[in-house]
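The lines below spell out each chain.
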Amino acid sequence: MRYAELLELAPGLREFTAQIPEDLDGQFQLKTHPAHTLIHQKDSPLERIGILLRGTFRVVNEFENGNVFMIEMNEAVSFIGEVTLLAEAAATSVTIETVTDCLVASLPVECFDAWLRQDIVLLRGISRHVAAKLYCSSYSRGERLFHSAKYVLLKYLVHQAEVQGIQAGRQVVLSKTRQQISEEVGLTVKTINRTLTQFVKDGILSIQRGKASFSAGQYHRAQRELRVYMSQSKNGAFT
């Protein structure tokens, strides 16, 4: 498949570059990865660079003890393997899992690397894309180290409630499972269970069908608790 055809499938690619050297064009492979499958595994050899044209995937880090930490969620248009390539590493540092069906176009690493070296517009676009993700990561890095589990979890739950929408007179049941929360905030399921139990005792939230839920009143109380925490010392605790 040629690059011009990819632009028709995903016009957002034009933000990165509108063309590819003729000698490298026509080598794209198009593949649909079903939802909830692996695109690549951590520590696997990097053989192809992917371009996400449609869909959503998540980037996770797996550890030997079995814990999984979600680094980020990416939507089209995005790239797969570009960080490994720019770092000049041979193996991937993360696992990529599809959240929805994902349409991915890919090139052999050597071809994509040659394209980057010839197209400063593409190089700048991908560098900007990577930098934006690293900025978000570095901005919040250390939060789990220097804030209590209560603060980290409650901040996450309040944000999820905002995403789903808080309405007066309506109980909002968060869609995330406890395993998903664990992977996204970096706390163990045991810690999450214990902290949720304490939140229920304190009247900050409720549990419905095993999931955290907020009434409008509980949501506003949770917001107040977060403000109280942030007014205390950096390593303070809820009062």
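Here the structure is shown first, and the text comes after it.
Our subject in this report is the structure included herewith. The model shown is predicted, which means the values in this text are computed figures rather than measured ones. (Residues numbered from 1 in each chain as written. Predicted model: local features only at pLDDT ≥ 70, side-chain atom pairs only at ≥ 80, totals over all residues. Heavy atoms only, no water.)

So, on to the overall build of the protein chain. A tally of regular secondary structure across the protein chain gives 9 helices and 11 strands. Taken over the C-alpha atoms alone, the protein chain extends approximately 65 × 35 × 30 Å along its principal axes. Scored against the burial criterion, the 239 residues of the protein chain give a buried share of 42%. Residue pairs at least 24 apart in sequence account for 70% of intrachain contacts in the protein chain once pairs closer than 6 positions are excluded. Working note: accessible area of the protein chain is about 13200 Å², and carbon and sulfur atoms make up 52% of it. (Helix = DSSP H or I, 4+ residues; strand = E, 2+ residues; numbered from the N terminus. Buried < 20%, exposed > 50% of the residue type's maximum accessible area, 1.4 Å probe, protein only. Contact = heavy atoms within 4.5 Å. Areas by Shrake-Rupley, 256 points an atom, 1.4 Å probe, with all protein chains shown as cover.)

Cis rather than trans, the peptide bond between A76 and V77 has omega equal to 0°. Residue D43 is not a glycine yet carries a positive backbone phi of 75°.

Another aspect to go through is the nonpolar core. Of all hydrophobic cores here, the largest spans 27 residues; its most connected members are F28, F112 and W115. Contributing elements (two or more residues each) for this core: helix 1 (3–9), strand 3 (48–54), strand 8 (102–108), helix 3 (109–118) and helix 4 (120–140). Among the elements that take part in this core, helix 3 stands out by supplying 5 residues, more than any other. Contacts of F28, omitting those with residues within four sequence positions, involve M1, R2, Y3, L6, I20, I51, A105, S106, L107 and W115. With 24 residues, the next largest nonpolar core counts V158, V185, I192 and I204 among its residues. (Core = buried A, V, L, I, M, F, W, Y, C linked by side-chain atoms within 4.5 Å.)

Relative orientation of the contacting elements helix 7 (residues 178–185) and helix 8 (residues 189–202) amounts to 110°, with a least axis distance of 9 Å. Classified by the angle between their axes, helix 7 and helix 8 sit roughly perpendicular to one another. Residues R178, Q179, I181, S182 and V185 of helix 7 lie in contact with helix 8, whose contacting residues are V189, I192, N193 and L196. In terms of residue class, the contact of helix 7 with helix 8 is made up of 5 nonpolar, 3 polar and 1 charged. (Axes fitted to C-alpha atoms, helices over the stretch in contact; angles between N-to-C directions. Parallel < 35°, antiparallel > 145°, perpendicular 65-115°, else oblique. Nonpolar A, V, L, I, M, F, W, Y, C, P; charged D, E, K, R; others polar.)

Turning next to the sheet that holds strand 7 (residues 95–98). Spatially, 2-7-4-5 is the arrangement adopted by the 4 strands of the open sheet, whose pairing is antiparallel. One side of each edge strand has no neighbouring strand; the edge strands of this open sheet are strand 2 (38–40) and strand 5 (68–75). Adjacent strand axes in the sheet meet at a mean angle of 30° when their direction is disregarded. In this sheet, strand 7 lies alongside strand 2 in antiparallel orientation, the contact comprising 2 bridges. Residue pairing across strands places H40 opposite I96, the latter belonging to strand 7. (Pairing = 2+ DSSP bridges.)

On to the sheet that holds strand 6 (residues 78–80). Pairing within the open sheet is antiparallel, and its 4 strands lie in the order 1-8-3-6. Every other strand in the sheet has two partners, leaving strand 1 (29–33) and strand 6 as the edge strands with one partner each. Going across the sheet, the axis of each strand differs from the next one's by a mean of 30°, ignoring polarity. Alignment of strand 3 against strand 8, held across 6 bridges, turns out to be antiparallel. Bridge pairing in strand 8 places G50 opposite S106. Across the sheet, helix 3 is in contact with strand 3, strand 6 and strand 8; its angle to strand 8 comes to roughly 80°.

Limitation: the analysis is restricted to geometry and does not speak to function.
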